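Below, each chain spelled out in residue letters.
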Amino acid sequence: MPPSSGTSDSDAPRPARPTGWEPRDPTLSTPPSRKPKRRPRRPLRTLLGLLLLGTLLLVGAFAAGYLLVEIPPANSAALAQSNVYLYRDGSTLARDGEVNRENIRLDRVPLTVRQAVLAAEDRDFHTSRAVDPKAMVRAAWNTVTGKGRQSGSTITQQYVKNYYLGQEQTLTRKAKEFFIAIKLGREKSKEDILQGYLNTSYFGRNAYGLQAAARAYYGKDVEDLDTAEGAYLASVLKAPSAYDVTTHPENRAKAVARWNYVLDGMVTEGWLTRADRAAARFPTPQTARPATGLAGQRGYLVQAVEEYLTEHGIVDEKTLAGGGFRITTTLEPAKQDALVQAVEEQVMSKLDPARAPADRYVRVGAAAVDPASGKVLALYGGVDYTQQYVNNATRRDYQVGSTFKPFVFTAAVQSGAQTQQGEPITPYTVYDGSNRRPVEGWNGAPYDPANEDDESYGEIAVGSATDLSVNAVYAQMAVDVGPGHVRRTAVDLGLPGSTPDLTASPSIALGAATASVLDMATAYATLAAHGRHGGYSLVEGLSRDGQEMAVPAPASRQAVSREAADTTTAILRSVIETGTGTAAQAVGRPAAGKTGTAEDDKAAWFAGYTPELATVVALMGQDPESGRQEPLYGALGQPRINGGGTPAEIWAQFTREALTGTTPRDFELQLMPGAEEPPPVPPGPEARDTADAVDAADAAAVSAAPDASGAPDASGAPDATAAPDASAGPEASGAPEAPESYELGEAGPGAASHGPRPPRGTPGQ
């Protein structure tokens, strides 16, 4: 080997070996690898650990959900109910809410109807828990595997969804439904939950709840449903629209199959015998009808009823607006229909604004009241509540005109009033009916009212002045009685004390007050009832959620004496027989009434009654755009609209139809002293001339006619048999015949020659 530098390879220092290394085989280029030892796997332990963890998570989640999810307040949709308005006979008049729902107590639902619902929705309801996890899993699996979408919800869960939550399909809502149902199942009884479910479920036809469904499908209340009908309503819960066999006849087979499923389930559960099941027939529901809204007259009727309830303190406005009330009114459907038909035929069908611009202004209001009870039987508020909101039957902004005059005479009889000359006021008392005659005995500003068409009547009896509606006579009579007493009497008869322009002055007699049509009908009903008054009534029954509420009946009292009311009736009979209200004779039975016209002919009235029915009709003029009151000149193709024209014709047609089938009754009147027979009339200059002529004729013919029984008596008065028959009217009394333009007006010429007209009433017992 060659010499080295003094060191050898073996002498060179070597790097330190890592600690723990074993000597390696110098023939190997790399150190040998070490294989770690494998620990044995424990799959069972892992699985158990995961299950435990999952269980803990589920328990924790359940505990958290149960603690965190509270039972919330009911949602607004579940609380929304409509107020249901019924006619007197129980038939539906209207509903005033957007949601057609009427909550009921469970005890109103027949047992078999309840069982039908359970057979359809949850047969184990009374024995199962609030939630059914198995059913939920099964429903989810069927949905995933394409066997149809199913909910798997119990009745409790469905009630929670309807009442507390909503219909959205989300996991959050479903989780809340689960926990709320568990809590609810612990806090409420099964009966409470079932009642809530039946009141909140949707049955189609915009019917929420079983009561609304019973009315929508079968036109009856829930307690009147039979088993077959209940089974059909239970069937439609699954698919309300699809299973409505009248709107979807193509689905009838499916609906009948579902109905059979429900009945068979009732048999299985022991709720229905096989014999009853075999006898059941599919109960085809009535044809679906449009929702009973507030169009036509319904809105006016509902408005009047609501005002009655709130103004009389029966229900406050806020509570009533909350809904849920079942209100039975005093209105009768047959009479209501008759009133609407009379207005339609006498007014609405004749309007032609293109021909007569004034027809645009025509409005009609009417009210009919039973004198015996004060119950309102029919109302007419306007052409359509959705087109004209203001109720013409209850508004208080049109003068009542001469329909107020009878109240002045009633006050005179009631108080035993005398004229300025000290004569008692009776139907035969003579007044000065001259046009623009200043009233006497009034300490206020001078007052000289004009008569209709500025006619002067001279001396005229009260009865005739009533027939012809002489303003001068009644303005003076108001002063003789005392305007304050006249006002009190009007209020006693039925006008509200707050009536606008019901002021104690001579003008009160001419009807400046703006009472409503219903107010006037109430007052005239008091006259028809011999002076007894209890106020009007529009509501017979009231309940909410099945609980009956008290409806105070108006206390009846003798508002004015019977003699005062009956003597007024006597002179009002003459108005129809020979006065301005002759068109009302078409009623075909004994009647009394009075015509009236507002200032500038902005309204025309007829107020009348038979012993059975008091009705007031008014035509009013109002601009539909500005709302300003307008005269009715030229409306309905007539130069003028007077109370004795169209209003009286409406009154006669309605009253005749409303009382069809009843025996006509005459008035049983007890008249004031001096009203039964007319007093002797002292002969005036004309009478003396007539008597002289008779004497001369008798003297000339004494030899030819020795019997002097037809000669004047010793007092000089003409023979009663020779006197004109006042009851026959102007023609028989020798007065000039009234021109055609006055036949239906408030007055006519020639009235000054009218003598006292005897009353038409028959003295009572």
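Residues numbered from 1 in each chain as written. Predicted model: local features only at pLDDT ≥ 70, side-chain atom pairs only at ≥ 80, totals over all residues. Heavy atoms only, no water.

Draft legend 1. Molecular detail of the overall build of the protein. Helices and strands together make up the secondary structure of the protein, namely 23 helices and 16 strands. Per-residue burial for the protein yields a buried fraction of 48% across its 765 residues. Partitioning the contacts of the protein with sequence separation of at least 6, the portion at a separation of at least 24 is 71%. For the protein, the accessible surface area stands at approximately 37000 Å², while carbon and sulfur atoms represent 53% of it. (Helix = DSSP H or I, 4+ residues; strand = E, 2+ residues; numbered from the N terminus. Buried < 20%, exposed > 50% of the residue type's maximum accessible area, 1.4 Å probe, protein only. Contact = heavy atoms within 4.5 Å. Areas by Shrake-Rupley, 256 points an atom, 1.4 Å probe, with all protein chains shown as cover.)

Draft legend 2. Seen up close, the environment of Val539. Tracing the sequence through the fold places Val539 in strand S11 (residues 539-544). Once you skip the residues sitting within four places of it in the chain, Val539 turns out to touch Val305, Tyr308, Leu309, Ile327, Thr328, Thr329, Thr330 and Val551.

Draft legend 3. Seen up close, the nonpolar core. Counting 89 residues, the largest nonpolar core has Phe404, Phe407 and Met477 as the members making the most contacts within it. Once residues within four sequence positions are removed from consideration, Met477 is found in contact with Val408, Phe409, Ala412, Ile425, Tyr431 and Val462. In this structure, Tyr159, Tyr218, Leu237 and Met266 belong to the second largest nonpolar core, which totals 45 residues. (Core = buried A, V, L, I, M, F, W, Y, C linked by side-chain atoms within 4.5 Å.)

Draft legend 4. Expanded view of helix H12 (residues 298-311). Across its 14 residues, H12 extends 20 Å between first and last C-alpha, which sits within 8% of the 20 Å expected from 1.5 Å per residue. Just downstream of H12, Gly313 is the residue with a positive phi angle, here 70 degrees. (Expected span 1.5 Å × (residues − 1).)

Draft legend 5. The arrangement of helix H14 (residues 333-346) in detail. For H14, built from 14 residues, the straight-helix expectation of 20 Å at 1.5 Å per residue is met to within 8% by its first-to-last C-alpha distance of 20 Å. All of the buried residues along H14 are Lys335, Gln336, Ala338, Leu339, Ala342, Val343 and Gln346. Looking straight down H14, one finds that the buried residues subtend no more than 165 degrees of arc, so they occupy a single side. Lining the buried residues of H14 we find H12, strand S6 (362-369), strand S7 (376-380) and helix H21 (646-658). (Arc of directions from axis to C-beta.)

Draft legend 6. Inspection of the packing of helix H3 (residues 111-121) against helix H10 (residues 252-268) at higher detail. Contact geometry for H3 and H10: axes closest at 8 Å, N-to-C directions at 110 degrees. As summarised for this structure, H3 and H10 are arranged roughly perpendicular, according to the angle between their axes. Two secondary-structure elements touch here, H3 through Thr112, Gln115, Ala116, Ala119, Ala120 and Glu121 and H10 through Arg258, Tyr261, Val262, Gly265 and Met266. Tallied by class, residues from the contact of H3 with H10 come to six nonpolar, three polar and two charged. (Axes fitted to C-alpha atoms, helices over the stretch in contact; angles between N-to-C directions. Parallel < 35°, antiparallel > 145°, perpendicular 65-115°, else oblique. Nonpolar A, V, L, I, M, F, W, Y, C, P; charged D, E, K, R; others polar.)

Draft legend 7. Molecular detail of the environment of Leu468. As for its placement among the helices and strands, Leu468 is situated in the loop between helix H16 (462-467) and helix H17 (471-481). C-alpha of Leu468 to C-alpha of Lys594: the two residues are 126 residues apart in sequence and 9.8 Å apart in space.

Draft legend 8. Structural detail: the pattern of salt bridges. Within this structure, the stated rule accounts for 28 salt bridges. Notably, a salt bridge pairs Lys335 with Glu332, separated by 2.9 Å at the nearest N-O pair. With a closest N to O distance of 2.9 Å, Asp566 and Arg562 form a salt bridge. One end of the pair is Asp566 and the other is Arg562, both in helix H20 (residues 562-578) and four residues apart, which spans about a single turn. For Arg562, a relative accessible area of 25% gives the class partly exposed. A single network of salt bridges, built from pairs that share partners, joins Arg88, Glu332, Lys335, Lys375 and Glu540. (Salt bridge = Lys/Arg side-chain N within 4 Å of Asp/Glu carboxyl O.)

Draft legend 9. How the structure looks around the packing of aromatic side chains. As enumerated under the stated definition, the model contains 13 aromatic pairs in all. For the pair Tyr232 and Phe282, a centre-to-centre distance of 5.5 Å together with 90 degrees between the ring planes defines the contact as edge-to-face. Highlighted residues: Tyr232 in helix H9 (residues 227-236) and Phe282 in the loop between helix H11 (274-279) and H12, separated in sequence by 50 residues. Accessibility classification places Tyr232 together with Phe282 in one group, the buried group. (Phe/Tyr/Trp six-rings, centres within 6.5 Å; stacked < 30°, edge-to-face > 60°.)

Draft legend 10. Structural detail: the sheet that holds strand S15 (residues 603-609). Pairing in this open sheet of five strands is antiparallel, and the strands run S7-S6-S16-S15-S14 from one edge to the other. Edge positions in the sheet fall to S7 and strand S14 (592-597), since each of these pairs with one other strand and no more. Here the strands of the sheet are splayed against their neighbours by 5 degrees on average, with no regard to which way each runs. Strand direction decides the pairing type here: S6 and strand S16 (residues 614-621), joined by eight bridges, are antiparallel. (Pairing = 2+ DSSP bridges.)

Draft legend 11. Just unusual backbone geometry, in detail. One non-glycine residue, Arg436, lies in positive phi territory at about 60 degrees. Assignment of secondary structure puts Arg436 in the loop between strand S8 (430-432) and strand S9 (459-461). By relative accessible area, which is 46% here, Arg436 ends up partly exposed. A positive phi angle, near 55 degrees, is found at Asp601, a position not held by glycine. Counting through the fold element by element, Asp601 comes out in the loop between S14 and S15. Under the relative-accessibility criterion, Asp601 is labelled buried at 5%.

Draft legend 12. A look at the sheet that holds strand S12 (residues 547-549). A sheet is described by the order of its strands in space; here five strands give the open sequence S2-S1-S5-S11-S12, paired in mixed fashion. If you trace the sheet from one side to the other, it starts and ends with strand S2 (92-95) and S12, each paired once. Along the sheet, successive strands turn relative to each other by an average axial angle of 20 degrees, direction set aside.

Draft legend 13. Geometry of the side chain of Asp370. For Asp370, the position within the fold is in the loop between S6 and S7. Side-chain polar atoms of Asp370 contact the backbone nitrogen of Ala372, separated by 3.1 Å. A distance of 3.0 Å separates polar atoms of two side chains, one belonging to Asp370 and the other to Ser373. In this structure Asp370 touches Lys375, Leu377 and Glu612, once residues within four positions along its chain are discounted. (Polar contact = N/O pair within 3.5 Å; in protein donor to acceptor, adjacent residues only side chain to side chain.)

Draft legend 14. A look at the pairing of S11. The pairing of strand S5 (residues 325-329) with S11 spans five bridges and is antiparallel. When the sheet's bridge partners are listed, Thr328 is paired in S11 with Gly541. Sheet topology places S11 next to S12; three bridges connect them, and they run antiparallel. Opposite Leu542, over in S12, you have Met549 as the bridge partner. Following S11, the chain reverses through two residues before pairing antiparallel with S12; Asp545 in that reversal takes a positive phi of roughly 50 degrees.

Draft legend 15. Seen up close, a nonpolar patch on the surface. A cluster of nonpolar side chains, contributed by Leu44, Leu47, Leu48 and Leu51, occupies part of the molecular surface with about 410 Å² of accessible area. Along the chain, the position of Leu48 falls in helix H1 (residues 43-68). (Patch = residues over 30% accessible without salt bridge, like charges linked within 9 Å, V, L, I, M, F, W, Y side chains within 5 Å.)

Draft legend 16. Fine view of the packing of H3 against helix H7 (residues 190-200). For the pair H3 and H7, the least separation of the axes is 12 Å and the interaxial angle reads 85 degrees. In terms of orientation, H3 lies roughly perpendicular with respect to H7. Along the contact surface, H3 presents Arg114, Val117, Leu118 and Glu121, while H7 presents Leu194, Tyr197 and Leu198. For the contact of H3 with H7, the per-class residue count stands at five nonpolar, no polar and two charged.

Draft legend 17. Just the pairing of S14, in detail. Extensive coverage of S14 is indicated by the burial of six of its six residues. Where burial is concerned, the two faces of S14 agree: the one with Ala592, Lys594 and Gly596 and the one with Gly593, Thr595 and Thr597 are both buried. Where S14 lies against S15, six bridges are found, and the strand directions are antiparallel. Bridge pairing in S15 places Ala592 opposite Tyr609. What sits between the antiparallel neighbours S14 and S15 is a turn of five residues, in which Asp600 has the positive phi angle 60 degrees.

Draft legend 18. Main features of the confidence of the model for the protein. For the protein, per-residue confidence averages 81 on the pLDDT scale, and residues scoring 70 or more make up 74% of the total. Considering only residues more than four positions removed or in separate chains, one finds that residues 1-11, a stretch of pLDDT under 50, has zero contacts. Low pLDDT, under 50, characterises residues 682-765; the stretch is placed with 99 contacts to residues that sit more than four places away or in other chains. (pLDDT = per-residue confidence, 0-100.)

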